[in-house]
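Spelled out, the chains give:
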Amino acid sequence: MAKVTRDDVARLAGTSTAVVSYVINNGPRPVAPATRERVLAAIKELGYRPDRVAQAMASRRTDLIGMIVPDARQPFFAEMTHAVEQAAAERGKMVLVGNSDYRNEREIHYLRAFLGMRVSGLILVSQGMSESAAAEIDAWDARVVLLHERPEAIDDVAVVTDDIGGAQLATRHLLEHGHEYVVCFGGVESTPSVGDPVADHVEGWRRAMHESGRATEGRLFQAPYDRYAAYEVALGLLSGPSRPPAIFCSTDDQAIGVLRAARELRIDVPGDLAVVGFDDVKEAALTDPPLTTISSDRPAMARAAVDLVLDDGLRVAGSRRERVKQFPSALIIRRSCGCG
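Read on for an overview of the structure. Owing to the predicted nature of the structure, the values given are computational and were not obtained by experimental measurement.

## Observations concerning the packing of aromatic side chains
Per the stated rule, a full pass over the model turns up 4 aromatic pairs. Taking the centre distance of 6.4 Å and the plane angle of 50° together, the rings of Phe-185 and Phe-221 count as tilted. With Phe-185 in strand E6 (residues 183–185) and Phe-221 in strand E7 (residues 220–221), this pair connects stretches of sequence that are 36 residues apart. Classification of Phe-221 by relative accessible area gives partly exposed; the value is 24%.

## Here we look at the environment of Phe-221
Taking the C-alpha atoms as reference, Phe-221 lies 5.0 Å from Phe-185; in sequence the two are 36 residues apart. With residues up to four places along the chain from it excluded, the contact list for Phe-221 reads Val-183, Cys-184, Phe-185, Gly-186 and Leu-237.

## So, the nonpolar core
Counting residues in hydrophobic clusters, the biggest one holds 65 residues, and the most contacted among them are Met-67, Ile-123, Leu-147, Ile-247, Phe-248, Leu-273 and Val-275. Here this core takes 8 residues from helix H12 (residues 298–310), the largest share from any one element. Formed by 18 residues, the second largest nonpolar core is a distinct cluster that contains Leu-64, Ile-137, Val-144 and Val-160.

## Structural notes on empty space enclosed by the protein
Evaluated as defined, the whole model comprises 2 cavities of 30 Å³ or more. Each pocket or cavity is described by its volume, and for the largest cavity that value is around 170 Å³. What lines the largest cavity is a set of 17 residues, and nearest its centre among them are Gln-74, Phe-77, His-148, Thr-251 and Asp-279. Breaking the lining of the largest cavity down by element, the ones donating at least two residues are helix H5 (75–90) and helix H9 (197–211).

## Comments concerning the side chain of Ser-250
Inspection of the secondary structure assignment puts Ser-250 in the loop between strand E8 (246–249) and helix H11 (252–264). By relative accessible area, which is 0% here, Ser-250 ends up buried. For Ser-250, the side chain forms a polar contact with the main-chain oxygen of Phe-185, separated by 2.8 Å. Not counting chain neighbours up to four residues away, the residues in contact with Ser-250 comprise Cys-184, Phe-185, Gly-186, Val-198, His-201, Val-202 and Phe-278.

## Focus on the sheet that holds E7
Taking strand neighbours across the sheet as the criterion, the 4 strands line up as E7-E6-E8-E9 in an open arrangement whose pairing is parallel. Two strands lie at the open edges of the sheet, namely E7 and strand E9 (274–276), each paired on one side alone. Of the strand pairs in this sheet, E6 and E7 are connected by 2 bridges, and their pairing is parallel. Across the sheet, residue Phe-185 finds its bridge partner in E7, namely Phe-221. Across the sheet, helix H10 (residues 227–238) is in contact with E6, E7 and E8; its angle to E6 comes to roughly 155°.

Parameters and conventions
Residues numbered from 1 in each chain as written. Predicted model: local features only at pLDDT ≥ 70, side-chain atom pairs only at ≥ 80, totals over all residues. Heavy atoms only, no water. Phe/Tyr/Trp six-rings, centres within 6.5 Å; stacked < 30°, edge-to-face > 60°. Helix = DSSP H or I, 4+ residues; strand = E, 2+ residues; numbered from the N terminus. Buried < 20%, exposed > 50% of the residue type's maximum accessible area, 1.4 Å probe, protein only. Contact = heavy atoms within 4.5 Å. Core = buried A, V, L, I, M, F, W, Y, C linked by side-chain atoms within 4.5 Å. 1 Å grid on protein atoms, 1.4 Å probe; cavity = no way out; pocket = protein on both sides within 12 Å on 5 of 7 lines; lining within 4 Å. Points joined across faces, edges and corners; volume = space filled by probe spheres on them. Polar contact = N/O pair within 3.5 Å; in protein donor to acceptor, adjacent residues only side chain to side chain. Pairing = 2+ DSSP bridges. Axes fitted to C-alpha atoms, helices over the stretch in contact; angles between N-to-C directions.

The structure is reproduced here in structure tokens:
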């Protein structure tokens, strides 16, 4: 059987091959509804399948979006990646995902790989982008949207959460329960980069403590972002002589590790220890006790990132503030903080 071509579709629909292309690609020019229906009917009748490789070669773009995350095994990044995939599907795109494993060389590897594939754009979740990675993006003149973090090394459009405000909400809530002070589980970096969400969480905690007249010295603990390593840090802290009354964790995964350590040490949560996390991953509602946390609208953030990376107006002039789309944070109250 001869391969069905775009010319065959155009002849059956009584239109031009250009109009068939507009229907298949949903643009760039509008097509009258009646004509669109004829083209779609012809495509169905003939069983036509567009040659995506040829389309990509002609347009120098594919129907793919590249997405680089630090670690898709972590619940927050897994849920954000899924949200991006759904938003991309609504725009007729597919998503390629690469894990940087928090390593600059891996991030650069995926940048080169995805850009070499002529992806339509890149959505980048970067934990402190290097100058080399930023130079790679500039060299390719890539369409990039930063998601979750806005590194100083690159000045592209960013979609973020109000991390400082969310951390303030969490810390204030714990202090309103009457706790003398709140300790904070930050990240592993002693001097985190500007725009790092965890650095903003620490800053929000610090502001809430200071505005209430509490000291922060000696109350910030470096802890990896995952539950397993955070569990080890929590074991040492909670079994020591200066057990804190309340802990604000920069990630829910850290908080889950803290809850596990408290259970192992027979410390009642929230009776003897209050815990609040950040991210509102799905598992937070199923911990024992259910975890109070800070939430943001991940589906809306994912849609915004996809829309920005695909829209022609991405590289508009403007200040850094105007190029950052910030979504509000909300306190999700469950039982680990002492409510309920």
